[in-house]
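Report on the structure
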Amino acid sequence: MCITVIGSIHVDFYIKVDRFPVIGETLFGKGFQIFPGGKGANQAVGCSKLGEKTYIVGRIGKDFSEYLLNNFRNSNVDTKYLKIDDEHNTGVAFIILNVNTGENMILIDPGADYWITENDVNDALNAIIDSKIILLQLEIPIEINIYASMLAASKGKKVILNPAPVSTLPKEIFKYIEVITPNRVEASQLTGVDITDIPTAVKAGKKLVEEGVKYAIITLGSSGSLMVSLEKAIYYPPFKVNVADTTGAGDAFNAGLAVALSRGYPIEEAVIWANASAAVKITKIGAQTGLPSRYEVEGLIRRSADYQPKII
Ligand code: RIB
């Protein structure tokens, strides 16, 4: 089975720094690099690198079309349903990476991402029908996400929504979503629960499940992640790795989750895969270039013999 990712496609302009600038300050960087990026594109490349046939649905401008199409080609992502927008620029992200902590600050201009239409989604119906999993994020208009999730659910597909960057979600979308994957800040904003520890994260997860999703998986950065369903809550500790760049950790997590679910792994095991995928990613620089292969994810899981999720 395949995976269809509907979402943003960017060019990322990275500047490395050894501390973040303060307002009004001009700071010299420690190096500049251009990478392919965008949460949609990263998640699609992530799924493909992990070995699943993957489609990307979205829009790019003419300005970077050759660069991005080549990149998708090299990553084996099917671009049959990717549109080139004649009027708008490709979405871009300016990323400041703190090389000492691996933390980032990101500024986005969505450009063509925001011009995706319902017709673009309809045109990709064959990809949706071919797929077991449809993976969405919030860097395209929310109306398109609602439409895509409704269409996918009506075809019996599992929809994963990564609600990043955070926004308020209309209630109706929850009934089409099987799995929602906010980070701590997003989960707090979506539920109104101030997440300060595992019990408050469980409380937020339960609220999301009450909204209608089957599984709420909250990523907690260096503290691991948490899966909440109607029946249970499981805490997943982080894998121990050296952090180089946390940019794209969420994308690696969602790609790992989508691939594991597409292969029919039970959710409990799929979350281990997602955690391991994010852990490998953060050891490398570049949101997309640092995404792991299946071999790397399985290697980390194998080496972490004492890794033990905990039922809450
Ligand atoms: O999740 C990381 C991504 O967020 C970057 O690639 C950037 O383009 C932004 O969309």
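Read on for an overview of the structure. Computed from a prediction, not measured in an experiment: that's the story for all the values here.

Attention shifts here to the side chain of Asn-275. The residue Asn-275 is located in helix H9 (residues 267-281) in this model. You can call Asn-275 buried: its relative accessible area is 8%. Not counting chain neighbours up to four residues away, the residues in contact with Asn-275 comprise Gly-224, Ser-225, Tyr-236, Phe-239, Phe-253 and Tyr-307.

For the rest of this paragraph, the subject is the pattern of salt bridges. Here the structure, examined in full by the defined rule, presents 13 salt bridges. Between Glu-296 and Lys-284 there is a salt bridge, with its nearest N and O atoms 2.9 Å apart. Linking Glu-296 in helix H10 (residues 294-303) with Lys-284 in the loop between H9 and H10, this pair joins segments that are twelve residues apart in sequence. On the basis of relative accessible area, Lys-284 is assigned to the partly exposed category, the value being 25%. When the shortest N-O distance is used, the salt bridge between Glu-298 and Arg-294 registers 2.9 Å.

Moving on: the site of the ligand. The environment of the ligand is made up of His-10, Asp-12, Gly-37, Gly-38, Lys-39, Asn-42, Ala-93, Ile-108, Glu-139, Gly-248, Asp-251 and Ala-287. Lys-39 places a polar side-chain atom, nitrogen or oxygen, 2.8 Å from an oxygen atom of the ligand. At 3.0 Å, a side-chain N or O of Asn-42 approaches an oxygen atom of the ligand. In the complex, 96% of the free accessible area of the ligand, which totals 280 Å², lies under the protein chains. Residue composition of the shell around the ligand, grouped by class: three nonpolar, five polar and four charged.

This part takes up the sheet that holds strand E3 (residues 32-37). An order of E3-E2-E7-E8 is seen for the four strands of this open sheet, with the pairing classed as mixed. Across the chains shown, the open sheet's two edge strands, defined by having one partner strand only, are E3 and strand E8 (104-109). Taken pair by pair, the neighbouring strands of this sheet meet at an average axis angle of 20°, ignoring direction. For strand E2 (residues 10-17) and E3, the ladder comprises six bridges, and the chain directions are antiparallel. When the sheet's bridge partners are listed, His-10 is paired in E3 with Gly-37. Each of E2 and E3 is contacted by helix H2 (residues 65-74), which is oriented at about 65° to E3, the strand it contacts most.

Across the junction of Ala-164 and Pro-165, the peptide omega takes the value -10°, indicating a cis bond. When you line up the elements, Pro-165 lands in the loop between strand E10 (158-162) and strand E11 (179-180). One non-glycine residue, Asn-76, lies in positive phi territory at about 65°. Within the secondary structure layout, Asn-76 lies in the loop between H2 and strand E5 (77-78). Relative accessible area serves as the criterion here: at 62%, Asn-76 is assigned to the exposed category.

For the coordinates displayed, the defined rule picks out seven aromatic pairs. Their ring planes at 5° and their centres at 4.0 Å tell us that Phe-239 and Tyr-307 sit as a pair that is stacked. Of this pair, Phe-239 sits in the loop between strand E14 (233-236) and helix H8 (249-262) while Tyr-307 sits in the loop between H10 and strand E15 (310-311), and the two are 68 residues apart along the sequence. The class of Phe-239 is buried, set by a relative accessible area of 7%. Classification of Tyr-307 as buried rests on a relative accessible area of 13%. Consider the rings of Tyr-265 and Trp-273, whose centres lie 5.9 Å apart with planes at 80°: the pair is edge-to-face. When sorted by exposure, Tyr-265 lands in the same class as Trp-273, which is buried. Through a chain of ring-to-ring contacts, three or more aromatic side chains come together here, namely Phe-13, Phe-32, Phe-64 and Phe-94.

What follows deals with a nonpolar patch on the surface. A cluster of nonpolar residues, Ile-15, Phe-32, Ile-34 and Tyr-67, forms a patch on the protein surface that exposes about 350 Å² of accessible area. Mapped onto the elements, Tyr-67 comes out in helix H2. The class for Tyr-67 is partly exposed, based on a relative accessible area of 32%.

About the cut-offs
Residues numbered from 1 in each chain as written. Predicted model: local features only at pLDDT ≥ 70, side-chain atom pairs only at ≥ 80, totals over all residues. Heavy atoms only, no water. Helix = DSSP H or I, 4+ residues; strand = E, 2+ residues; numbered from the N terminus. Buried < 20%, exposed > 50% of the residue type's maximum accessible area, 1.4 Å probe, protein only. Contact = heavy atoms within 4.5 Å. Salt bridge = Lys/Arg side-chain N within 4 Å of Asp/Glu carboxyl O. Near = heavy atom within 4 Å. Polar contact = N/O pair within 3.5 Å; in protein donor to acceptor, adjacent residues only side chain to side chain. Areas by Shrake-Rupley, 256 points an atom, 1.4 Å probe, with all protein chains shown as cover. Nonpolar A, V, L, I, M, F, W, Y, C, P; charged D, E, K, R; others polar. Pairing = 2+ DSSP bridges. Axes fitted to C-alpha atoms, helices over the stretch in contact; angles between N-to-C directions. Phe/Tyr/Trp six-rings, centres within 6.5 Å; stacked < 30°, edge-to-face > 60°. Patch = residues over 30% accessible without salt bridge, like charges linked within 9 Å, V, L, I, M, F, W, Y side chains within 5 Å.

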